[in-house]
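Examination of the molecular architecture
Listed here are the chains, written in short residue letters.
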Amino acid sequence: MKSRPLLIGAVVGIFVLSVIAVGYVGSHLTGKPDRLLTGVQYNRTWSEGQNYSRNGNYLAAIREYDKMVALRPNKVDGYTYRAIAEAQAGLYDRAVEDNTTGIELLTQRQGIEEQGNAADVLGMPYQDKLATVSEVQARLYHNRGYVYARRGEFERAVRDFKQAVALKPDAPVYHSSLSDLYQHMGQYGQDVENWKIATVSAPGDPASWTNYGWSLYCLGNLPEAMEANRHAAQMSVVSATARYNLGLLYSVEDQWAQAEPLYREALAINNTDKRERALGRVRDAMRMHPRSQALRKAEALLSAS
């Protein structure tokens, strides 16, 4: 089975969206005036950096994030946002360094003490700040893994994505990034284990079950792949991918009577991108199973829709 391409574009979106935005809570803040003033300035600097980043001016954004780091050298946020801009600008070594600094800061009391909003509400108990560490560290490992993937250092990327999964096993996004790498490297057995963990950690997530089924199919385990995709389809009436996958599995076994209604259900959900991906998977399967008449019919149905 042809391996799935490394979805760097998708990872970029996840990478940017996964970072917590720093919020300013105005009159609700308490604490010393100098800390409040620093918090306002920190938030304003972050906002300027975000504006530059949205416009694709990453070097200007980095200069703003430099100011955040200078204002609060023990606060993770400045390093996190700077690493994002550095990665987008192709400054991978610097992005790795900043993500590493963020990870290390969250193993130290001074870094943990800086957890919270931009003005650092002094009344927030240390234990509450400590409780946020694993989630933030997971993002940092994920972001650093993304940079390693961009540099082609896939083994390092795998280690970081696995660390993100270990810290937040119920977050499917981290399993997805890890899966992209496993599929890219043809490590289908590892991918199956990855998605198996996801279905245990987030049993109510149909996408995890769908991906688990696909990884089983890539490994050649059709019966369990069918069961996983069937479970996903039952969980969600709008899961086109699970139905396309089930249709493909039946078509591989040349069982068009079972495959056709699944394909038609998926088409009725009307998602063009998923239909195109399903068509690509059918054509991939046709090269491996050239005698299957069901696959030919599936290709004709999807091509005409």
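Numbering of residues begins from 1 in every chain and follows the order in which that chain's sequence is written. Confidence filtering applies because this is a predicted model: local features only for residues at pLDDT of at least 70, side-chain atom pairs given and counted only at 80 or more, and all residues used for totals across whole chains, interfaces and linings. Based on all heavy atoms of the structure, the side-chain values leave hydrogens and waters out of the count.

Once that is clear, we can look at the overall build of the protein chain. Where helices and strands are cited, they refer to DSSP runs of H or I of at least four residues and of E of at least two residues respectively, numbered from the N terminus. Scanning the protein chain from terminus to terminus reveals 17 helices and zero strands. Throughout this description, buried means an accessible area under 20% of the type-specific maximum (1.4 Å probe, protein chains only), exposed means over 50%, and partly exposed covers the range between. Taking all 305 residues of the protein chain together, the buried fraction comes to 49%. By sequence separation, contacts in the protein chain at least 24 residues apart represent 59% of the contacts at least 6 residues apart. All accessible areas in this document rest on Shrake-Rupley with a 1.4 Å probe, and a residue is counted as covered only by the protein chains that are shown. Approximately 14,200 Å² of the protein chain is accessible, and the part contributed by carbon and sulfur atoms is 51%. Should any heavy atoms of two residues lie within 4.5 Å, those residues are considered in contact.

Buried residues of nine kinds, namely Ala, Val, Leu, Ile, Met, Phe, Trp, Tyr and Cys, make up a nonpolar core once their side-chain atoms join them within 4.5 Å. Ranked by size, the top nonpolar core spans 40 residues in total, and within it Tyr217, Tyr244, Leu248, Tyr263, Val282 and Leu302 carry the most contacts. Those elements that place two or more of their residues in this core are helix H11 (188–201), helix H12 (206–219), helix H13 (222–235), helix H14 (240–252), helix H15 (256–269), helix H16 (272–288) and helix H17 (293–304). The residues contacting valine 282, other than those within four sequence positions of it, are Leu248, Tyr263, Leu295, Ala298, Glu299 and Leu302.

Next up on the list: the packing of aromatic side chains. Note on aromatic pairs: the rings of Phe, Tyr and Trp (six-membered ring only in Trp) are paired at centre separations within 6.5 Å, and the planes decide the class, stacked below 30 degrees, edge-to-face beyond 60, tilted for the rest. Evaluation of the coordinates by the stated rule reveals six aromatic pairs. With a centroid separation of 6.0 Å and 65 degrees between ring planes, the pair formed by tryptophan 46 and tyrosine 81 is classed as edge-to-face. Here tyrosine 81 lies in helix H4 (residues 76–88) and tryptophan 46 lies in helix H2 (residues 33–54), a separation of 35 residues in the sequence. Of the two residues examined, tryptophan 46 and tyrosine 81, each falls in the buried class. Here the aromatic cluster, defined as three or more aromatic residues joined through ring pairs, consists of Trp46, Tyr65 and Tyr81. Above the face of the tryptophan 214 ring, arginine 281 is positioned so that its terminal group lies 3.5 Å from the ring centre. Whether a charge sits over a ring depends on NZ of Lys or CZ of Arg being within 6 Å of the ring centre and within 35 degrees of the ring normal.

With 14 residues, helix H5 (residues 92–105) should cover 20 Å at 1.5 Å per step; its first-to-last C-alpha distance of 20 Å lies within 8% of that length. Burial in H5 covers these residues: Tyr92, Ala95, Val96, Asp98, Asn99, Thr100, Gly102, Ile103 and Leu105. Against the buried residues of H5 lie H4, helix H6 (109–113) and helix H8 (133–150). One fewer than the residue count of a helix, multiplied by 1.5 Å, yields its expected span.

Moving on to the confidence of the model for the protein chain. Note on scores: pLDDT gives the predictor's confidence for each residue, bounded by 0 and 100. Looking at the protein chain, pLDDT values average 87 and 86% of them are 70 or higher. Across the protein chain, element-level confidence peaks in H5 with a mean pLDDT of 98 and bottoms out in helix H1 (residues 8–17) with 33. Counting contacts from residues 1–34, a segment whose pLDDT is below 50, to residues more than four positions away or on other chains yields 78 contacts.

Attention now moves to the side chain of serine 215. Inspection of the secondary structure assignment puts serine 215 in helix H12. Take serine 215: its relative accessible area is 0%, and that puts it in the buried class. There is a polar contact of 2.7 Å between the side chain of serine 215 and the backbone oxygen of tyrosine 212. Setting aside anything within four residues of it in sequence, one finds serine 215 in contact with Gln183, Asp191, Val192 and Trp195. Within 3.5 Å is the distance limit for a polar contact, defined as a pair of N or O atoms, with the added protein rule that one can donate a hydrogen and the other accept it, and that residues adjacent in sequence qualify only through two side-chain atoms.

Now for H8. Between its first and last C-alpha, H8 extends 26 Å over 18 residues, near the 26 Å set by a 1.5 Å rise per residue. Taking burial as the measure, the 18 residues of H8 include 15 buried ones, the bulk of the element.

The next thing to look at is the packing of H16 against H17. The geometry of H16 relative to H17 is characterised by a closest axis approach of 9 Å and an angle of 155 degrees between their N-to-C directions. The pairing of H16 with H17 is recorded here as roughly antiparallel in orientation. The crossing of H16 and H17 is left-handed. When H16 is examined against H17, the residues Arg275, Ala278, Leu279, Val282, Arg283, Ala285 and Met286 are found in contact with a partner set consisting of Leu295, Arg296, Ala298, Glu299, Leu302 and Ser303. For helices, the fitted axis covers only the stretch in contact; all axes are lines through C-alpha atoms, and the angles between them, taken along N-to-C directions, range from 0 to 180 degrees. Here is the rule for angles: anything less than 35 degrees is roughly parallel, anything more than 145 is roughly antiparallel, 65 through 115 is roughly perpendicular, and the remaining ranges are oblique. Handedness of each helix crossing follows the sense of rotation of the near helix against the far helix: counterclockwise by less than a right angle gives left-handed, clockwise gives right-handed.

Right, let's talk about the environment of glutamine 187 for a bit. One can find glutamine 187 in the loop between helix H10 (172–185) and H11. Using a relative accessible area of 29% as the deciding quantity, one classes glutamine 187 as partly exposed. As for glutamine 187 and serine 215, which are separated by 28 residues in sequence, their C-alpha atoms are 9.7 Å apart. Those residues within four positions of glutamine 187 in sequence are excluded, and the remaining contacts are Glu155 and Tyr182.

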